[in-house]
Structure formats: structure tokens, C-alpha cells
Amino acid sequence: MADQTFPIAGSIDVTPPPRAEKTTLLEWLHGWVVTVDHKRLGILYMAYAILFLLVGGVEALVIRLQLASPHNRFIGPETFNEMFTMHGTTMVFLVGMMYIFGFGNYIVPLMVGARDMAFPRLNAFSFWLSAFGGLLLYYSFIGGFGLYGMGAAPDVTWWAYAPLTAKAFSPGHATDYWALSLIAMGFGTLGSAINIIATTLSMRCRGMTLMRMPLFAWLMLVTSGLTLVTITPLTASQIMLVIDRYLGGHFFDTQAGGQAIVWMHFFWIFGHPEVYVLVLPTFGIASEIIPVFSRKAIFGYPAMVAASVGIAFVSLGVWAHHMFTVGMTSVGNTFFVLSTMLVGIPTGIKIFNWLATIWGGRIRFKTPMLFCIAFLFQFLIAGLTGIILSVAPWDWQLHNSYFVIAHFHYVLVGAIVFNIFAGIYYWYPKVTGRMMSETLGKWHFWLFLIGFHVTFDTMHFVGLEGMPRSIFTYMPDRGWGTLNLVISLGGLIQGIAVLLFAWNMVASYFRGKEAGSDPWDAWTLEWSTPSPPPVYNYATDPVVHSRRPLWDLKHPDDPDWRYE
Amino acid sequence: MESFFQEHRARAARLSRLLALPATGILAGHAAWAEMPQGQPNMLTPASTPAHTIANLSLFVLLITGSIFVVVGGLLAFALVRYRARPQEDTSEPPQIYGSTQVELAWTVIPILIVVVLFLTTARIIFAVQDAPKPEDALDVTVVGHQFWWEFRYPKLGIVTANELHVPVRTATYLHLLSADVDHSFWVPQLAGKTDLIPNHPNETWIQPERTGLYLGQCAQFCGVEHAQMLLRVYVDTPSEFAAWVEHQQQPGVQDASVAAGRHVFETEACTNCHAVAGTAAIGTFGPDLTHLMSRDTLASGIVPNTPENLRKWIHDPNDLKPGVLMPAMQLSDQQVDELVAYLSTLR
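Owing to the predicted nature of the structure, the values given are computational and were not obtained by experimental measurement. For every chain, the first residue of the written sequence is number 1, and numbering continues from 1 along that sequence. All chains are assigned letters beginning at A, and all ligands numbers beginning at 1, according to the order in which they are written. Where local features are concerned, this predicted model is filtered to residues with pLDDT of at least 70; where side-chain atom pairs are given and counted, the filter is 80 or more; whole-chain, interface and lining totals use all residues.

Draft legend 1. The arrangement of the overall build of chain B in detail. Secondary structure elements follow DSSP: runs of H or I of four or more residues count as helices, runs of E of two or more count as strands, with numbering from the N terminus. For chain B, the count of helices and strands is nine helices and twelve strands. Per-residue burial for chain B yields a buried fraction of 37% across its 348 residues. Remark: residues whose backbone-derived C-beta atoms lie within 7 Å of one another are considered to be in contact. Across chain B, every contact between residues at least 6 apart in sequence was considered, and the portion connecting residues at least 24 apart equals 64%. As a rule, residues whose C-beta atom has 12 or fewer other C-beta atoms within 10 Å are exposed, those with 20 or more are buried, and those in between are partly exposed; C-beta atoms are placed from the backbone.

Here it is in C-alpha cells:
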């Protein structure tokens, strides 16, 4: 299939691109800084995310080294608390959000047949604002203590419960950097979300009705809507926190009559939907990859769209399941048990539809598909442990234990990161024009799979044995030593796997084999344009007649639009 | 015959060690737990009413979610093997199927039914635990969370102690949870689920232990530098043991003339700003009450045994044992520390 393409008639610019003038390094750099091209910005987002994935990964390994044995003296409590606060904040905001909007930026305009995002300048502004926010966070390592002396990173956990963040308990500037960087990144994210909504709603090519839009674009639309609703309370609460710390406000200052619980509500009405903000786009990635490698159309497309919107909607009403232990009334607890369990219904529908897509197909086990298959199993488990945690009485035990850590890493790594890897293997040929190595890819997959399960399966058990989260050490008599050593070893294996992946990305860029425009024999619009796509994406505006325009071209005798 | 059994048992032991490898499944995990000595903070070996109720509910929920995993995971595994692309097959595409409303309805209704069952069961237990009527003879204890230790007050008995809670077996104990600074969480897995201690937001929880013994727990809400070493010990005593303990704790501090030098150090070196000893001028409330320090098994919120050497190390520089602790090193001379330890050792 490699070089043979099925262009949308006349949509490909056949004139060779003008021979690039020799540019100096400065000109090249300047080009990247001032670019408003959605593809270049997408690459910037992704590069930023991968860089911080490595940083956040190193922080995780430091945490695991410290916890490998009881009463370990590898690092002290201050450093440990900084490490897990930075690990959480980095992975959610600098890696997760950046990946999501990186994929969204690069793929969505191509998928809907547009030449760029709706607001290219806002797009560039959003990226640079978010990137600045990330740097602000890491600058705290230098400036955290301000005039007090040496630097210090924030050490108040990534949920930063009041009143620990008050001046009385967190002197210095570390917490300020944390709050300000989240405000900056919040505004950047809002810009990206507005852009994606505008692009999907108003930039689709001729013939692409909303119900013909690829599922990835749909999920980016849903995610962006959800982002608009949820980032707002986060930003508001950060501003209140800064007011408390510097302008004598008492929103969360319990010593002056403020309410710690108010912070929790603000934080979790952001924090829980945030998980869906991160996971929904990766559902979109899986919904693109699973059909292509099963050689079947997605099963139940309207149900998939409805379930996605349903998940986003219900996710806005479940936040207080993070607060079952703060002393809500029995009626309040019961409400959030029900709303949380309801999420299981649309989620179940999605899993069944993926299963039905595979059913009766001809599955090709290429690297992207391997990651998606692992995702299906792991997400099934993550969903079921989610049901377990929604059972409030059991949550009174499990809350803030390692069981919770295991559960949300099953979502954040087992589902999200696996799908992100799948997406990178899938779209890398489109972005660079080169294939990633299958051999290295399979090594990466199996090592990462083994490391993941050694680490996070074991965490469930140590959680049931009563180990709480956020502790820098534990007593030998608690009996958690062996399991923690196993968890740490698994972390090491994952680290090696991620290095292999990074090497694969770099090496394939120089030595990978030519991809051609449609290496996977896929069906969505982006595979009809050359790899890498020209600046303007499509020479003429494409016209589509179904959800799978390239299928229609490849099978003129049996096109999709007859059945949809 | 004897050797046959031995060999058999050895093989079983080897097998169970193999099974105890993590990630092999829930059953293997259970086998490992069964061997644990009593007192480890395992939520599935409950020793008190709310924890027991919760553990039973847990097993029910585990059964349902486990069954879902087996069915759906099995279907998925089957599909992956059955529908893999075989090399000898031609490259034509499989039949395209776009969806089916009946099938969608079926797999929407079944999860709804499961949710109804799980929800009703859960709601029942929530109300049973949270809204349980308080018995007449219940013991009241006020728990105050501090960075990084626990204060226990028995208002009706006039007792103040720290880090080691004593309660009678089979009687309900109601814990009123307050915080002096930041958020904490009271968690002894074998006795009850956790409840947070939040400043300006009094909470309540209860336990009703079924067996005597020592139960371990710790703070479960990040509360600052030494959150990890804010440990909890709950001693469930027989009624007579508990009565004796109460009577002992109600005595004022021992006044022993032979350690007057140490008491002088204690009362003049700022110790009294934070610590109290009933019956003396020491009435500080920022740190643990020391009236019956020697009746406690551990120091520094449960992290080391209460021995004279540890006490000496602790007073000399608390940061050695517990880096980040709020108690300062008072820069005492060796002689002063010796005198102080001698004095504190009399506070039985």
C-alpha cells in the first residue's frame, strides 16, 4: 500500500514544493517561534509533552526508589513531598493536557478537511501561554523560597488542600508558583478549547455533517466543551488562593473563619471532569485505530457519540466522590454514589462497541493496535475499580490509599498513556513521512506492558493492606516492604521502555522507511494528503459523502454512504 | 508417613509462595494475608463493627465486578484470537457491520440493572453506618489532629493523652474529630473507614471493637512534612483493663523529689510552653500532654519504642528521629538532658 494513494479527486497539489532555501539555525528557530501553522504547533505541543513526560517519569522513579524499602533514607521528607507534588502536577498539566491538545491541533483540522484551525493566532498564543505556565512551575526549583534562601518546589500535593496552602503553613513562594502556573496554563487551555470547538463546528469540509465527523474529532469537541466548563472553577479557586495569601482574603483561611471544604469542592469539580478531559480524546484515538486494524467500520457510531456526550455530562455531577470521608450527610454521600455509578453505563457502552468492532474483523497486530488492545483490558479493570471506589463505605477504607493510586494510574497510564503511544505510532508516519520501527515498537510495547502490570497491579494489594498515599516512608512492621520493592522494580522496567520509545522516535526520523501518504490503508481524510502534509493541507477543499471517505474511494462498488 | 506429610507440606508452602507473587490475582493475595500476624492494618481482616460491615460489602462488590471482568475480558480475549488476521487469507476486507439498535439496547439495559443492585446495596450500608443510633453507654473521645501527632481527650473522664488511644472492647466509642491546624484523616483500617479532621468542620465517627488487641493506623490525609510519621495506635482493652487504665490516667503527675533537677530544667527551659503535666505549672497545649508519658509504648507519634535512649535522642534533637517535626531542639547540655530524661522517666 505504501506509496499508492487514493486522493480526493484533485485535492493533492502535485507541483513539487519549492526547494527550501538554506536557512540559518536562527531563522529555523525563528520560524518555529512565530509559526501559526496548526501542524507545527501540534508538534511543539507534543515535543513539550514528551520532554516533561521524561521529567515527570524521573520524579516517579525518585519516589519509587525512596519507597523501595521501609525506613529508606534515600531522600528526606521535604524532597519527597516536592517530588510527588511535581510528579502529579507535571503529568496532568504539562504532559496530559499538552498531549491532548497536541493531537487535537495536528489531527483535527486534517480530519475535518480544513486548512488550519479557526483562530491560528489564538492557537499560537495558547501554546506559548501554556508553555510559559509550565516553565513558571519549574522555576520554583530556583525561586521557591524567594528571599528566604534556596529554592523549593511546591510540596502541598497536586490537590493542594486548604489550609495547608495558607501562608501560615506554606511560607515562601513555592505555592505561589504552583498557583500562578496553573492560572497561566488554565488560560492557555481555554484558548485551545475555544479553538477546537470553533474548528470542529465551523471548518468542516463540504459533505461532512456532524454525524459524519470522525470520532476523534467528535471527542475533541466534547473534551473542549468540558474543558471550558471545568477549567473555570480551577482558575477561580487559584485566584482566591492568591488573594488569601497576599491580599488578606479568608476564602480558605480556617484560622479566620474560612472553609477548607470550599476549596475541595472547587478543586474536584475541576479535578474529576479533568480525568475525562484527558481520557476522552484517547477514546477518540482508540476509535480511529481499532477499526482500521480490525478492518471494520466502527460499530454503533451514533451510540459512541451519544455515550461520549453522556460521559462528559454525567462527569460534571460526580465530584464529591473524592470527598466521601470529609463528613457529608448520608443523603449527600448516597447521591454521589449514584451519580458516580451512572458513569459506568455510557462507559460500558463504549467498551462493548469496541468489542463489537473487533468481532468479525481481521485483526492486524501492528504496534498501534497492540497498545489499543492493552488499553481495552486495562480500561475495563480501571472502570471496575472505579465502581469499587464509588461504593462509599468501601471508599471510606480505600480513599487516599494505594488502591486509589493504582486505580487512577490504571486510567492515566493504562488507558491514556497506552492510547497516546498508540496514537503516536499511528500518526508518526503522517507527521514525519517515516515509519517508526515495528521491532523497537514491539519491544517498547511488551516491556511497558510488563512494567505497568508489575507496578500497578501490585499497588492494589498494598492499598488493601492499608498503605496510605503521600507518605515518604513506612514502618517495617506494617508488612508493605516486599510489595513496594516489586512496585519499584516495575517502575524501572517502564522507565527502560519509555527510553526505547524515545530512541525509536529519534532514530526513525532519520532512518525510518518512507511512509507514503497512507501506510495503514486507513479511511479518514488525513491519509489522503502527502506525509508530511503541505502547509495548506489540501490543495482543494475535499468533499466527503460518508464517515470513511477513503473507504468510498477504495471501494467504489460498495461505498459507505449507502449504509449510513 | 510422617515424611510424606512433611514433603507434602513443603510442596504446598512452595506453591503458596509462588502464588503469593503479586499480580497473580485476588486469591493469591488472600493466601498471603492469611499468614499475617494480627494487628496489621488490613481492611479485609476487620475487628470492629463498621469495618466488618464494610468488609462484607466489599466482598459482595468484588464478586460482581470480578464476574463482569471475567465475562467481558473473556469475550475480548476470544475475539482477539478468533478474528486475528491469518497470513494465508486473501487481502479482501471482512464484511462491514455498522451497528445494531437491538444489541445497543441490550448492553445498555444490563449495566443499568447492575447499577441498580449495587446502588441499593451501597445506600443501605451508608445509612446503617452513618445514621446508626448512638447507644446510651457509648464512650466519648475527642480526637484533635495536630501537625504531626494525635491528641485524645476523654471529656467525661477528665483524661488527656496522645497518640495511643485506649477503648473498651464491645462498647461503642464515638470519636469527635477536630483539627488544630490543617486537614488530617483518622484511619485504623481494622476498626472503621477513615474520617477527615478538618479545621472549622467538626466530624464524628464511631467504632465498636469485637476483639481486644492493638490496632495500627495512621493519618491518611497529607498534612505536611511529617505526614508519613503521624502514626496511630488503638488499644482495645477488656473492661477491667480499661477501668484500670482510666483510673491510672486520672492521677496527677508523679512528684518525685529525687528528680527535682530535671523538673527544674523542664519548667525553666520553655518545655512548659507546649507541654502539660497535671498538678504542676506546666500547662502548655501545643504538644502532647506528658502527665503519664511513661504509660505509653511509643514516642513521637508511634515511630519509636518509648525507651530512655530514644527519649534522650528525641529531646537532644527531635529532627534526628523525625525530620521536619515542629518540636525544636532546645540546645540543652548533656547534663540537662540526662536530668530531664530522669524526670520524664518518673511520669508513669
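Now that the structure is up, let's keep going.
Draft legend 2. Representation of the sheet that holds strand β4 (residues 164–168) of chain B. Residue and element names in this part refer to chain B. A strand pair is defined by DSSP finding two or more bridges across the two strands. The mixed open sheet is built from three strands, whose spatial order is β4-β10-β9. Looking at which strands have only one partner, the edges of the open sheet turn out to be β4 and β9 (213–218). Between one strand axis and the next, the sheet turns by 25° as a mean value, whatever way the strands run. Pairing between β9 and strand β10 (residues 231–237): six bridges, direction antiparallel. Only the stretch in contact is used when a helix axis is fitted, and all axes are lines through C-alpha atoms; the angle between N-to-C directions ranges over 0 to 180 degrees.

Draft legend 3. The interface of chain B and chain A, seen in detail. Listed per partner, the contact involves 76 residues of chain B and 81 residues of chain A. Among the secondary structure elements, those contributing two or more residues to the side of chain B that touches chain A are α3 (49–82), α4 (101–130) and β7 (195–197) of chain B. Considering every element that reaches the side of chain B that touches chain A, the biggest residue donor is α4(B), with 15 residues. Residues are sorted three ways: Asp, Glu, Lys and Arg are charged, Ala, Val, Leu, Ile, Met, Phe, Trp, Tyr, Cys and Pro are nonpolar, and all the rest, Gly among them, are polar. A class-by-class count of the residues in the side of chain B that touches chain A yields 44 nonpolar, 22 polar and ten charged.

Draft legend 4. Looking closely at the environment of Met111(A). Residue and element names in this part refer to chain A. Mapping Met111 onto the fold places it in helix α3 (residues 77–111). In this structure, the C-alpha to C-alpha distance between Met111 and Leu215, residues 104 residues apart in sequence, is 9.9 Å. The contact partners of Met111, leaving out residues within four places of it in the chain, are Pro214, Phe216, Ala217, Thr524, Leu525 and Glu526.

Draft legend 5. Just the environment of Gly310(A), in detail. One can find Gly310(A) in helix α8 (residues 301–315). When the C-alpha atoms of Gly310(A) and Val222(A) are compared, they prove to be 9.8 Å apart, with 88 residues separating the residues in sequence.

Draft legend 6. Quick peek at the sheet that holds strand β5 (residues 173–179) of chain B. Residue and element names in this part refer to chain B. Read from one edge of the open sheet, five strands run β3-β2-β1-β5-β8, paired in mixed fashion. Sheet topology places β3 (159–162) and β8 (203–207) at the edges, where each strand pairs with a single neighbour. Strand after strand, the sheet turns through a mean of 25° between neighbouring axes, direction not considered. Where β5 and β8 come together, five bridges link them in antiparallel fashion. Pairing of Thr173 across the sheet is with Ile207, part of β8.

None of the figures reported here should be taken as evidence of function without further support.
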